[in-house]
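Coordinate inspection notes
What follows is the residue order along each chain.
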Amino acid sequence: MQPNVEQHDVPSAWFTIAEAVKDRELAQRTSAAVLGALGTRPAVARLDVHTDYGRVITPDALDAEDRLERLVKLRRLRGTVDLDLSDVAQADLLRRYLAWSINVDLYDRHDQLIANFHDCAYSIIMRLSPEGATQLGANLNGLVTVEPLGDHRQPWPRTPLKHRRSWRRPRAALEADI
C-alpha cells in the first residue's frame, strides 16, 4: 500500500524567454502570456514597487503602482509587497504592474517559486511542463523564444514565504483601500 502523499502540482522543468525583452509593449505582452501559461498555480506574488521605466509607464500601470505604494505604506514595508492572488483586486494589480516592476517572484500554494520576472521583464524564468512551454511560444507567435533554462542557470534559492517577516494576509481595510 502506497502512503497518501500530497503531490505538488509543479511541472518538472524551468524555462526562460531566450531574448532580453527591452521593448515595453513586448514586455507587457510576454509577461501577460507567461502569467496566462501559469494558469491558477500562482498563489502569492512578491513584487518590488519600483520601475526603471518611470518616464514611459502606461497610465494603467501607474495607477497600479500608486495603489501598490499605498499597500506598502499601510503594511509598513520597504518597497516590496506580497499579493494574495486569490483576491481579485490584488491579482489585477499584479497583472497591470507585472511588466514594470524591477522584480516579481510568483509562488505556488506550497510556497515554491514558479516564476521570476526580473528588471521589468527583461529576464523571465518560469516553471512549466514542456507542453506548456511549447504552447506559450505558439501564443507569442514567435516574437520571443521559450527554451529550457539549462543546468548552469538554475534559479537561486529563495526563502519560503512562511519564513519571511513581511508576509501578512491582507486585512479587510487594506483590501478595501486598493
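Residues numbered from 1 in each chain as written. Predicted model: local features only at pLDDT ≥ 70, side-chain atom pairs only at ≥ 80, totals over all residues. Heavy atoms only, no water.

Our next topic: the nonpolar core. Counting residues in hydrophobic clusters, the biggest one holds 41 residues, and the most contacted among them are L47, L68, V81, L83, L94, L106 and M126. Excluding its chain neighbours within four sequence positions, the residues that come into contact with L83 are A43, V44, A45, L47, L68, L71, Q90, L93 and L94. (Core = buried A, V, L, I, M, F, W, Y, C linked by side-chain atoms within 4.5 Å. Buried < 20%, exposed > 50% of the residue type's maximum accessible area, 1.4 Å probe, protein only. Contact = heavy atoms within 4.5 Å.)

We now examine the environment of A27. Considering the arrangement of structural elements, one finds A27 in helix α1 (residues 24-38). With relative accessibility at 0%, the residue A27 sits in the buried group. When the C-alpha atoms of A27 and L98 are compared, they prove to be 9.2 Å apart, with 71 residues separating the residues in sequence. Not counting residues up to four positions away in its chain, the partners in contact with A27 are V21, A99, C120 and A121. (Helix = DSSP H or I, 4+ residues; strand = E, 2+ residues; numbered from the N terminus.)

This paragraph deals with the packing of aromatic side chains. Counted under the stated rule, the structure contains one aromatic pair. Ring geometry for Y53 versus W100: centroids 6.4 Å apart, planes at 80°, classification edge-to-face. With Y53 in the loop between β2 (44-48) and α2 (59-74) and W100 in the loop between α3 (88-97) and β4 (103-107), this residue pair connects regions lying 47 residues apart in the sequence. The buried category is assigned to W100, whose relative accessible area is 1%. Positioned over the ring face of Y53 is R24, at 3.9 Å from the centre of the ring. Seen from the ring of W100, R24 lies directly overhead, with NZ or CZ sitting 5.2 Å from the centre. (Phe/Tyr/Trp six-rings, centres within 6.5 Å; stacked < 30°, edge-to-face > 60°. Lys NZ or Arg CZ within 6 Å of the ring centre and 35° of its normal.)

Shape descriptors only; they carry no functional weight alone.
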